[in-house]
Amino acid sequence: MLMRKVPGFVPASPWGLRLPQKFLFLLFLSGLVTLCFGALFLLPHSSRLKRLFLASRTQQPGLEVVAEIAGHAPAREQEPPPNPAPAAPAPGEDDLSSRVSPRRRKGGLRRTRPTGPREEATAARGNSIPASRPGDEGVPFRFDFNAFRSRLRHPVLGTRADESQEPQSRVRAQREKIKEMMQFAWQSYKRYAMGKNELRPLTKDGYEGNMFGGLSGATVIDSLDTLYLMELKEEFQEAKAWVEESFHLNVSGEASLFEVNIRYIGGLLSAFYLTGEEVFRIKAIRLGEKLLPAFNTPTGIPKGVVSFKSGSWGWATAGSSSILAEFGSLHLEFLHLTELSGNQVFAEKVRNIRKVLRKIEKPFGLYPNFLSPVSGNWVQHHVSVGGLGDSFYEYLIKSWLMSGKTDMEAKNMYYEALEAIETYLLNVSPGGLTYIAEWRGGILDHKMGHLACFSGGMIALGAEDAKEEKRAHYRELAAQITKTCHESYARSDTKLGPEAFWFNSGREAVATQLSESYYILRPEVVESYMYLWRQTHNPIYREWGWEVVLALEKYCRTEAGFSGIQDVYSSNPNHDNKQQSFFLAETLKYLYLLFSEDDLLSLEDWVFNTEAHPLPVNHSDSSSRAWGRY
Ligand code: DMJ
């Protein structure tokens, strides 16, 4: 013993210490214990020691969702530290499952969810998040990506048969040209606006807009799957790195529920299903959770605007009606959020929307564009297959297809709605052009918006599952509507189509005023060309698609990216200084698919959300989490 070797030391007790010395020793010992315990609180989040000792203070992820359903407001997210250092956890640490409390608690307890970039990066490395099915408490959720991939009927990127057989074919050169356009659009964005929502090519800077509640990088997220399928590998890695390092969810603005869903959630979901990279799955789910307060209305029909400031009920201030195309275009993404999280809340929210719509009386079987989320009644009788109504119909037929043809409710609603549209809105002009008019309480506006031109593709897509006696009719209807939309392009000086075109006073398929003559790089017409090509293989659709490519190059390409134009009837149009993110997500993707083999993102395996982000068809058995109830 050390003390026996000290000269002059006389032991005074069995422990060999005198009273003052004993006291000093105890004081030292208690100081040491206090120091060690206090240090635990100063350790980084990732510390194994901290998890071991403080586990009981950590709450179960996902509980804020439970609290929200119960009407409690989620806790305000913390701001991230400025210039946070990248997290460097030990191998095996930071799996979200390791932070799951073994017991679910009552009384509005909340987990500490990843908020800042550091926490998000940490969460993304984990491969499991907690399940929220009854009986699954504490069981970490895992999505079996390999099992999902093994169920696909075709390789994601196809077999590329034409390239091996016809390496120098015209179609290959056309496809390469479209790829070059994507590369140019991406590089311009990256150079002048990386991280902003969209590029302004004339002023060579970025633009955030006011639709995304403070979220940034819409172009990055919208581009991921297009870059991936075009095999622009370096660019895809740049986009992915930005999502990992710079896509932060701790924002507090007011956002469009619809736009965030179709662009961000849709883009992240697709990126995950294409690559299996966890960062996309985790961020999609976290962002999905941030959208849930929008559903806190008396009917459960979400308001159009969601406040990311936690807990606020924005619906009362956001106007009294919700828009059909907005609350009707959540179904595909929300089912996949449930599929990838195990959390039924997402699926329940959209099933409730369906239920409300199913019950409510429809004038002549038509769905008006505005509904009160408070009373659950239609607000006015304006019906449109263009803006305000469009993607609601699209999501019905795609819900049927995405469910692996088990969602009979969606199927019936789609064909019933289409019958009503045909009966009351469909017209043929004196010049023989078929178009879908807009309906205002029984009076028709004889116009079609550019947005309505997606309907050719939708009707083609739905034709195959219609009643036998209607199939040929729907194929023909799809072809006629698509031809009309092509006419709206062909009758302009630029060979690009206006925002809206009329069938009045002897003028057909043209805009009648300057305010409707602009083209903002929209995809709907080439979207229909793509579906009609896949259905018929009629070369006319590739010819028409190529006309669009040439027109985009001639009138929309600028030194620093692509821009919309203000007047399609001018041979020297002014630019609008905006490269819309949907140009990279949709327009270029649909063009590329039009010049590709049918098994590149085969329609047997994938449905495209309304922002052209591919989501997989459910090929699994009926026990699947999101589709189990059909
Ligand atoms: C896209 O964001 C989506 O296609 C949406 O459904 C309608 N508008 C734009 C493209 O025009």
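Residues numbered from 1 in each chain as written. Predicted model: local features only at pLDDT ≥ 70, side-chain atom pairs only at ≥ 80, totals over all residues. Heavy atoms only, no water.

Draft legend 1. Focus on the overall build of the chain. Helix and strand counts for the chain come out as 21 helices and 21 strands. For the chain, the proportion of its 630 residues judged to be buried stands at 58%. When the accessible area of the chain is evaluated, it comes to approximately 26300 Å², of which 54% is carbon and sulfur surface. (Helix = DSSP H or I, 4+ residues; strand = E, 2+ residues; numbered from the N terminus. Buried < 20%, exposed > 50% of the residue type's maximum accessible area, 1.4 Å probe, protein only. Areas by Shrake-Rupley, 256 points an atom, 1.4 Å probe, with all protein chains shown as cover.)

Draft legend 2. Focus on the pattern of salt bridges. According to the stated counting rule, one finds 29 salt bridges in the structure shown. Of the charged contacts in the structure, one is a salt bridge between E416 and R358, with a shortest N-O distance of 3.9 Å. You can see E416 sitting in helix 16 (residues 408-424) and its partner R358 sitting in helix 14 (residues 344-359), a full 58 residues away along the chain. By relative accessible area, which is 45% here, E416 ends up partly exposed. (Salt bridge = Lys/Arg side-chain N within 4 Å of Asp/Glu carboxyl O.)

Draft legend 3. Up close: the sheet that holds strand 9 (residues 378-380). Taken together, the three strands give an open sheet; going across it, the order is 7-8-9, and neighbouring strands pair in antiparallel fashion. In this open sheet, the two edge strands, each paired with only one partner strand, are strand 7 (322-323) and strand 9. Two strands pair when backbone bridges link them, and strand 7 and strand 8 (residues 370-371) are joined in this way by two bridges, in the antiparallel orientation. By the bridge assignment, S322 is partnered in strand 8 with L371. (Pairing = 2+ DSSP bridges.)

Draft legend 4. Quick peek at the sheet that holds strand 15 (residues 447-449). Strand order in the open sheet formed by three strands is 15-16-17, and the pairing between neighbours is antiparallel. Lying at the two open borders of the sheet, with one neighbouring strand each, are strand 15 and strand 17 (507-510). Averaged over all pairs of adjacent strands, the angle between strand axes in this sheet comes to 10°, irrespective of strand direction. Here strand 15 pairs with strand 16 (residues 500-504) via three bridges, running antiparallel. Bridge pairing in strand 16 places G449 opposite A500. This element, helix 18 (residues 468-490), spans strand 15, strand 16 and strand 17 of the sheet and lies at about 105° to strand 16. (Axes fitted to C-alpha atoms, helices over the stretch in contact; angles between N-to-C directions. Contact = heavy atoms within 4.5 Å.)

Draft legend 5. Inspection of the nonpolar core at higher detail. Residues L215, V243, F247, Y393, L496 and L552 are the most contacted members of the largest nonpolar core, which totals 162 residues. A per-element tally of this core places helix 10 (residues 257-275) first, with 12 residues. (Core = buried A, V, L, I, M, F, W, Y, C linked by side-chain atoms within 4.5 Å.)

Draft legend 6. The site of the ligand, seen in detail. Neighbouring the ligand are the residues F258, I262, R263, L451, R522, P523, E524, F582, E586, T610 and E611. Against a free-state accessible area of 290 Å², the protein chains account for coverage of 92% of the ligand. Per-element tally for the shell around the ligand: the top contributor is helix 10, with three residues. Its residues assigned to classes, the shell around the ligand shows five nonpolar, one polar and five charged. (Near = heavy atom within 4 Å. Nonpolar A, V, L, I, M, F, W, Y, C, P; charged D, E, K, R; others polar.)

Draft legend 7. Quick look at unusual backbone geometry. Non-glycine residue S505 carries a positive phi angle of around 45°. The topology assignment puts S505 in the loop between strand 16 and strand 17. Using a relative accessible area of 74% as the deciding quantity, one classes S505 as exposed. Even without being glycine, L601 reaches a positive phi, approximately 50°. Tracing the sequence through the fold places L601 in the loop between helix 21 (581-594) and strand 20 (606-608). Judged by its relative accessible area of 0%, L601 falls in the buried class.

Draft legend 8. Highlighting the packing of aromatic side chains. On inspection of all chains with the given rule, the structure shows 34 aromatic pairs. Here the aromatic rings of W242 and F247 are separated by 5.9 Å at their centres, their planes lie at 35°, and the arrangement is tilted. Accessibility assignment for this pair places W242 and F247 in one class, buried. Centroid distance F392 to Y393: 5.0 Å. Interplanar angle 65°. Geometry classified as edge-to-face. For Y393, a relative accessible area of 2% puts it in the buried group. Members of the aromatic cluster, joined through ring pairs, are F143, F145, F148, F272, Y273 and W606. For R557, the ring lying beneath its charged end belongs to F184, and the centroid distance is 4.0 Å. (Phe/Tyr/Trp six-rings, centres within 6.5 Å; stacked < 30°, edge-to-face > 60°. Lys NZ or Arg CZ within 6 Å of the ring centre and 35° of its normal.)

Draft legend 9. Region of interest: the packing of helix 16 against helix 17 (residues 455-463). Viewed as axis vectors pointing N to C, helix 16 and helix 17 meet at an angle of 125°, and their least axial separation amounts to 12 Å. Taken together, helix 16 and helix 17 sit at an angle that is classed as oblique. Judged by the sense of rotation from one axis to the other, the crossing of helix 16 with helix 17 is left-handed. Seen from helix 16, the contacting residues are Y414, Y415 and L418; seen from helix 17, they are M458, I459 and G462. Of the residues assigned to the contact of helix 16 with helix 17, the class counts are five nonpolar, one polar and no charged. (Parallel < 35°, antiparallel > 145°, perpendicular 65-115°, else oblique. Left-handed = near helix turned anticlockwise from the far one by under 90°.)

Draft legend 10. Structural view of the packing of helix 18 against helix 20 (residues 540-556). The N-to-C vectors of helix 18 and helix 20 enclose an angle of 30°; their axes lie 12 Å apart at closest approach. The angle between helix 18 and helix 20 falls in the class roughly parallel. When the axes of helix 18 and helix 20 are compared, the crossing they make is left-handed. Counting all contacts with helix 18, which are made through A479, T482, K483, H486 and Y489, the residues of helix 20 involved are Y541, W544, E547 and V548. Along the lines of polarity and charge, the residues of the contact of helix 18 with helix 20 split into five nonpolar, two polar and two charged.

Draft legend 11. Structural context of the state of the cysteines. Going through the model one piece at a time under the given rule, you end up with one disulfide. Paired through a disulfide, C453 and C485 show a sulfur-sulfur distance of 2.1 Å. Every disulfide takes its handedness from the sign of the S-S torsion; for C453 and C485 that torsion is -90°, giving left-handed. In this pair, C453 is assigned in the loop between strand 15 and helix 17 and C485 in helix 18, connecting sequence segments 32 residues apart. By relative accessible area, C453 is classed as buried at 0%. You can call C485 buried: its relative accessible area is 1%. (Disulfide = S-S within 2.5 Å.)

Draft legend 12. Structural view of the side chain of Q580. Within the secondary structure layout, Q580 lies in the loop between strand 19 (561-562) and helix 21. If near-sequence neighbours (up to four positions away) are discounted, Q580 is found in contact with E198, I520 and L521.

Draft legend 13. Just the environment of N197, in detail. Counting through the fold element by element, N197 comes out in the loop between helix 7 (170-193) and strand 3 (198-200). With relative accessibility at 1%, the residue N197 sits in the buried group. Sequence separation between N197 and A218 is 21 residues; the distance between their C-alpha atoms is 4.5 Å. With residues near it in sequence (within four places) discarded, N197 still touches Y189, Y207, E208, F212, L215, S216, G217, A218, T219 and Y264. A distance of 2.7 Å separates a polar atom in the side chain of N197 from a polar atom in the side chain of Y264. (Polar contact = N/O pair within 3.5 Å; in protein donor to acceptor, adjacent residues only side chain to side chain.)

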